[in-house]
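# Structural description and commentary
Spelled out from the first residue to the last, the chains are:
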Amino acid sequence: MSDATTGQPKPAKRQSRAKLTFRRFTRNRLALVGLAVLVILFVMAYGGPLVDKYDYLHHDYMAFNAPPGGDHWWGTNQGGQDLFALTMRGLQKSLVIGILVGLISTLVAGAVGAVAAYYGGWIDRVLMWAVDLLLVLPSFLLVAVLSPIFQGASWLIFVVLLAAFSWMITARVVRSMTLTLKDREFVKAAKYMGVSGPVIIFRHILPNMASLLIIDMVIQVGAAVIGESGLSYFGFGIQAPDVSLGTIIADNTTNAPAYPWLFYFPAGCLVLIGIAVAFIGDGLRDALDPNASGAKAKAKKLKPQGTEKAGKGLSDQKLQGPSTSTDALSTS
């Protein structure tokens, strides 16, 4: 497209960062597959119990370890409980715990890392000492020891315990990035205008590392789901009568060789969550960071074949333009 009056090509319309990120993300097929799988799991977790005629606490005393069929879609366990209803209840709990832990840990990591680097001095030393102390502590064992103390309390206590030991590495990364950002011109200008430190941190510094925080939150969701399932498998997580994917797998592990559906369905949901979150995390990394290797590889595949040659021709024409005009003036 060119301008009719000047004959010069019209400048391309600039798109917002959100639109560019969305376009890059939608070009990643694996990321879309992961997002679709995660959405399907959410729909199943909250919509499945609405269409299933059995509750996860109901016992069918006429069907013990029944195979999958028309009455019980995913079969029953040794207590006659419908496995589909149990798995959907466990899927609900695991997904909610994963999202809450990912959100809390990312917020804590961003706040602690940015505050430590921005203020420096004794604040930095104290916060980094706490980070280093938590990094060397065996978090799995500590959560396993503390969980029985809160037995019978709300499952939100378990969320706090998981989030308390999953933010330290990200906090160190945020601190190192803040040390660079706080010397940038826009931060110095905000200080000169009298803007307070907390406002500068949460309005100017943290938004400039939003890509890192978003990717970290997605990764933390997957790690929290796996961690919660592992702790519940060993009896340190969600307590009866409530269930999670980890407790379902743990209760049915001994019967899995003879009745494989007791293991494959809940374990399959857990594996699908991990794969979906990994695909979404890779897609967000490529979409938010165009310099990533995956984003560059996809850009080369999507680039038209003649674009590189055309660009080279335009650059050669620009380089030859001044010399040609000078030759014409000298000839005239």
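## What to know about the overall build of the chain
Secondary structure assignment for the chain yields 14 helices and zero strands. Across the 332 residues that make up the chain, the buried fraction comes to 38%. Surface summary for the chain: the accessible area is close to 19,400 Å², and the carbon and sulfur share equals 66%.

## Quick look at unusual backbone geometry
Not every positive phi belongs to a glycine, and asparagine 65 is a case in point at roughly 50 degrees. Examined against the element boundaries, asparagine 65 turns out to sit in the loop between α2 (29-51) and α3 (83-119).

## Some details on the packing of aromatic side chains
We describe a pair of aromatic rings using the distance from one ring centre to the other and the angle between the two ring planes. In total, this model carries eight aromatic pairs according to the counting rule given. Aromatic side chains phenylalanine 42 and tyrosine 46 sit 6.4 Å apart centroid to centroid with 10 degrees between the ring planes, which places their arrangement in the stacked category. One end of the pair, phenylalanine 42, and the other, tyrosine 46, are both in helix α2, four residues apart, so they sit about a helical turn from each other. For phenylalanine 42, a relative accessible area of 27% gives the class partly exposed. Its relative accessible area of 41% is what places tyrosine 46 among the partly exposed residues.

## Observations concerning the environment of alanine 45
Residue placement: alanine 45 occurs in helix α2. C-alpha of alanine 45 to C-alpha of alanine 85: the two residues are 40 residues apart in sequence and 9.0 Å apart in space. Apart from the residues lying within four places of it in its own chain, the contact partners of alanine 45 are Met88, Leu91, Gln92 and Leu95.

## Some details on the packing of helix α11 (residues 245-252) against helix α12 (residues 261-288)
Remark: α11 packs on α12, axes separated minimally by 9 Å, with the N-to-C direction vectors making an angle of 150 degrees. With respect to each other, α11 and α12 are oriented roughly antiparallel. Here α11 and α12 pass one another in a crossing that is left-handed. Contact with α11, carried on its side by Leu245, Ile248, Ile249 and Asn252, involves Leu262, Phe263, Pro266, Ala267, Cys269, Leu270 and Ile273 of α12 and no other residues of that element. Split by residue class, the contact of α11 with α12 holds ten nonpolar, one polar and no charged.

## Notes on the nonpolar core
Core analysis: the largest hydrophobic core is formed by 33 residues, its most contacted members being Trp74, Leu83, Leu91, Leu95, Leu245, Ile273 and Leu284. Residue assignment for this core shows that the elements contributing at least two residues are α2, α3, α10 (210-233), α11 and α12. Among the elements that take part in this core, α12 stands out by supplying twelve residues, more than any other.

## A short note on the confidence of the model for the chain
Here the chain shows a mean pLDDT of 79. Residues at 70 or above account for 81%. At the level of individual helices and strands, the chain shows its lowest average pLDDT in helix α14 (residues 305-331), which scores 44, and its highest in helix α7 (residues 168-181), which scores 92.

## A few points about the packing of helix α1 (residues 17-27) against α12
α12 packs onto α1 with a crossing angle of 135 degrees between their chain directions and a minimal axis gap of 8 Å. The orientation of α1 with respect to α12, classified from their angle, is oblique. The way α1 lies across α12 gives a crossing that is right-handed. Every residue of α12 that contacts α1 at Arg17, Thr21, Arg24 and Phe25 is listed here: Ile280, Gly283, Leu284, Asp286, Ala287 and Leu288. Tallied by class, residues from the contact of α1 with α12 come to five nonpolar, two polar and three charged.

Reading guide: rules and limits
Residues numbered from 1 in each chain as written. Predicted model: local features only at pLDDT ≥ 70, side-chain atom pairs only at ≥ 80, totals over all residues. Heavy atoms only, no water. Helix = DSSP H or I, 4+ residues; strand = E, 2+ residues; numbered from the N terminus. Buried < 20%, exposed > 50% of the residue type's maximum accessible area, 1.4 Å probe, protein only. Areas by Shrake-Rupley, 256 points an atom, 1.4 Å probe, with all protein chains shown as cover. Phe/Tyr/Trp six-rings, centres within 6.5 Å; stacked < 30°, edge-to-face > 60°. Contact = heavy atoms within 4.5 Å. Axes fitted to C-alpha atoms, helices over the stretch in contact; angles between N-to-C directions. Parallel < 35°, antiparallel > 145°, perpendicular 65-115°, else oblique. Left-handed = near helix turned anticlockwise from the far one by under 90°. Nonpolar A, V, L, I, M, F, W, Y, C, P; charged D, E, K, R; others polar. Core = buried A, V, L, I, M, F, W, Y, C linked by side-chain atoms within 4.5 Å. pLDDT = per-residue confidence, 0-100.

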